[in-house]
Amino acid sequence: MLLAAVDYYRPDSVAEAVTALVDNPGGRVLAGGQSLISILKLRAATVDLLVDVSRLEEIRSITALDDGSVRIGAGVTYDEMAHSPELMAAMPAVASIAAHTVDPQVRNRGTFGGNLCHNDPINNFPPLAVALDATMHATGPDGDREVDAAEFFTGYFSNALDRAEVLTSVTLPALNGREIGYQEIEIGEAAARAVAVVAAGNGTITEARVVLGCLAIPARRQAVEEALTGAATTLDSVAEATSGAGDGIDPLSDPDASSEYRQAMASVVAKRAVMEALGGQHE
Ligand SMILES: Cc1cc2nc3c(=O)[nH]c(=O)nc-3n(C[C@H](O)[C@H](O)[C@H](O)COP(=O)(O)OP(=O)(O)OC[C@H]3O[C@@H](n4cnc5c(N)ncnc54)[C@H](O)[C@@H]3O)c2cc1C
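Just so we're clear, the structure is a prediction, and the values are computed from it rather than from any experiment. (Residues numbered from 1 in each chain as written. Predicted model: local features only at pLDDT ≥ 70, side-chain atom pairs only at ≥ 80, totals over all residues. Heavy atoms only, no water.)

Student: Sorry if this is basic, but what is going on with the nonpolar core here?
Tutor: Here is a general trend for soluble globular proteins: nonpolar side chains tend to be buried in one another's company. Judged by nonpolar contacts, the single largest core of 40 residues is most densely connected at Ile 72, Met 81, Leu 87, Val 94, Leu 116, Phe 125 and Met 136. Composition of this core by domain shows at least three residues from each of domain 2 (57–172) and domain 3 (179–277). Other than its neighbours up to four places away in sequence, Met 81 contacts Ile 62, Ile 72, Val 76, Leu 87, Val 94, Ala 95, Ala 98, Phe 112 and Phe 125. If you look at the next biggest cluster of nonpolar residues, it comprises 26 residues, including Val 238, Ala 241, Val 274 and Met 275. (Core = buried A, V, L, I, M, F, W, Y, C linked by side-chain atoms within 4.5 Å. Buried < 20%, exposed > 50% of the residue type's maximum accessible area, 1.4 Å probe, protein only. Domains from an automatic or database assignment. Contact = heavy atoms within 4.5 Å.)

Next up, the structure:
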């Protein structure tokens, strides 16, 4: 289906984008358009004005900070993340996830900020942002504000931004010796996904964050994290600690996978993600 007629505006600054959104209640931010344009073509949403932020230089850079954290502009594409020397040096796993997101066409247009704001359960980056304890930076009519990643995702295709706010960048805190594991079961786009951020020494896990994706809101698994902390870095020990990863989650059923299957796979991807972070074998 063709896109219905819609007004288009390309602002020269984030401030101009916010003003346009305030002045047009039917306005919506357009970034890479890899999700929004499909939604508009399907008539699943109605928009009067697209405010295109994709070329705003002020949201298109990646900065590695002295404390080891990395600030990624919301308008940075996956391809730019995949090839960023700063990101590859500080957090190679994040660059690698970007490098393996979908296909070259989507990687050249899709943006880090658009991926997070859209919060499609298949999207790669929402569980990563929660696992890394990222900070989201937004600008709106009332100025700038920060939102913790844990508070940012509010449901399927929803986030905590007000309608006239623009996500400008995301800070990923320093890893400080922790390693990232990222595992998914690819049926359709993804049936189950887990991100683990783990520190270990002398054969023992000293710190772990485990977050499941493919859900309405990325789910941190605190009971699993507690079971992992102090556990041995062996496959058996990690398998036991992650065995309850799917407890209490409520994934959707769709033609790719049933809710029951997704729930059963939660412990599998959680175990694999932790083992990947530890640099060990998954099976
Ligand atoms: C065939 C196909 C397969 C895909 N498979 C995957 C996959 O496996 N994994 C994956 O991660 N993604 C996948 N995607 C989705 C893709 O990653 C999109 O790029 C992403 O969902 C949206 O990013 P975007 O920059 O294209 O945003 P857009 O489509 O332009 O916008 C998406 C939403 O976010 C809002 N938005 C965007 N930027 C901002 C901002 N800075 N501030 C406030 N709101 C904003 C928009 O208003 C809109 O509501 C797939 C896409 C396609 C076409």
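Now that the structure is up, let's keep going.
Student: How should I be thinking about the sheet that holds strand S11 (residues 179–185) in this particular structure?
Tutor: Sheet strands pair via backbone hydrogen bonds, and the direction of the pair is either parallel or antiparallel. As summarised here, the arrangement of the four strands in space is S11-S12-S13-S14, forming an open sheet in which the pairing is antiparallel. Each edge of the open sheet carries a strand with a single partner, namely S11 and strand S14 (219–220). Pairing of strand S12 (residues 192–201) with strand S13 (residues 204–212) involves eight bridges; the strand directions are antiparallel. Each residue of the ladder has a partner; that of Ala 196, found in S13, is Val 210. (Pairing = 2+ DSSP bridges. Helix = DSSP H or I, 4+ residues; strand = E, 2+ residues; numbered from the N terminus.)

Student: Just to check I follow, could you spell out the packing of aromatic side chains for this structure?
Tutor: In this description, a pair of aromatic rings is defined by centroid distance and the angle of the planes. In total, this model carries three aromatic pairs according to the counting rule given. Taking 5.7 Å as the distance between ring centres and 40° as the angle between the ring planes, the aromatic pair formed by Tyr 78 and Phe 125 counts as tilted. Taken together, the residues Tyr 78 in helix H3 (residues 78–82) and Phe 125 in helix H8 (residues 125–131) connect sequence positions 47 residues apart. The exposure classification of Tyr 78 matches that of Phe 125, with both residues buried. Relative to Phe 125, the ring of Phe 112 has its centre 5.1 Å away and its plane inclined at 80°; by these criteria the two rings are edge-to-face. Of this pair, Phe 112 sits in helix H7 (residues 112–118) while Phe 125 sits in helix H8, and the two are 13 residues apart along the sequence. Within the aromatic cluster, the residues linked to one another by ring pairs are Tyr 78, Phe 112 and Phe 125. (Phe/Tyr/Trp six-rings, centres within 6.5 Å; stacked < 30°, edge-to-face > 60°.)

Student: Just checking my understanding: could you explain the pairing of S12 for this structure?
Tutor: Regular strands have side chains that alternate between both faces of the sheet. In terms of burial, S12 is largely enclosed, as eight of its 10 residues are buried. Note: S11 against S12, seven bridges, orientation antiparallel. The partner of Ile 180 across the bridge, within S12, is Val 197.

Student: In this structure, what is going on with a negative patch on the surface? I would like to understand it.
Tutor: On the surface, Asp 133, Asp 144, Glu 146, Asp 148 and Glu 151 cluster together into a negatively charged patch. The element best represented in the negative patch is strand S7 (residues 143–148), accounting for three residues. Among the secondary structure elements, Asp 144 is positioned in strand S7. (Patch = residues over 30% accessible without salt bridge, like charges linked within 9 Å, V, L, I, M, F, W, Y side chains within 5 Å. Areas by Shrake-Rupley, 256 points an atom, 1.4 Å probe, with all protein chains shown as cover. Salt bridge = Lys/Arg side-chain N within 4 Å of Asp/Glu carboxyl O. Lys, Arg positive; Asp, Glu negative; His and termini not counted. Charge placed at Lys NZ, Arg CZ, Asp CG, Glu CD.)

Student: In this structure, what is going on with the domain arrangement of the chain? I would like to understand it.
Tutor: Accessible area lost upon the coming together of the parts serves often as the stated size of an interface. Annotation of the chain at the domain level lists domain 1 (7–52), domain 2 (57–172) and domain 3 (179–277). Distance from the C-alpha centre of domain 2 to the C-alpha centre of domain 3: 21 Å. Facing 19 residues of domain 2, the contacting portion of domain 3 comprises 19 residues. Here domain 2 and domain 3 share an interface that buries about 1,600 Å² over both sides, 69% of which is from carbon and sulfur atoms. Looking at the side of domain 2 facing domain 3, the largest losses of area belong to Pro 127, Ala 131 and Tyr 156, adding up to 32% of the total buried there. Here domain 2 is connected to domain 3 by zero salt bridges. Applying the counting criterion to the domain 2 and domain 3 interface returns seven residue pairs in polar contact (both at pLDDT 80 or more). Counting only elements with at least two residues in the side of domain 2 that touches domain 3, the list comes to helix H5 (92–99), H8 and strand S8 (153–155). When residues of the side of domain 2 that touches domain 3 are assigned to their parent elements, the largest contribution, five residues, is made by H8. When the residues that make up the side of domain 2 that touches domain 3 are grouped by side-chain class, the tally is 13 nonpolar, five polar and one charged. (Buried area = accessible area lost by both parts, 1.4 Å probe. Polar contact = N/O pair within 3.5 Å; in protein donor to acceptor, adjacent residues only side chain to side chain. Nonpolar A, V, L, I, M, F, W, Y, C, P; charged D, E, K, R; others polar.)

Student: Would you mind going over the site of the ligand with me for this structure?
Tutor: Close to the ligand lie 28 residues; Val 29, Ser 35, Tyr 78, Thr 111 and Asn 124 are nearest. The separation between an oxygen atom of the ligand and a polar main-chain atom of Ala 31 is 2.8 Å. Interatomic distance of 2.8 Å between a backbone N/O atom of Gly 32 and an oxygen atom of the ligand. Listed by contribution, the elements that provide at least two residues to the shell around the ligand are strand S2 (27–30), H7 and strand S10 (166–172). Looking at the shell around the ligand element by element, the count peaks at four residues for H7. Tallied by class, the residues present in the shell around the ligand amount to 13 nonpolar, 12 polar and three charged. Each of domain 1 (7–52) and domain 2 (57–172) contributes no fewer than three residues to the shell around the ligand. (Near = heavy atom within 4 Å.)

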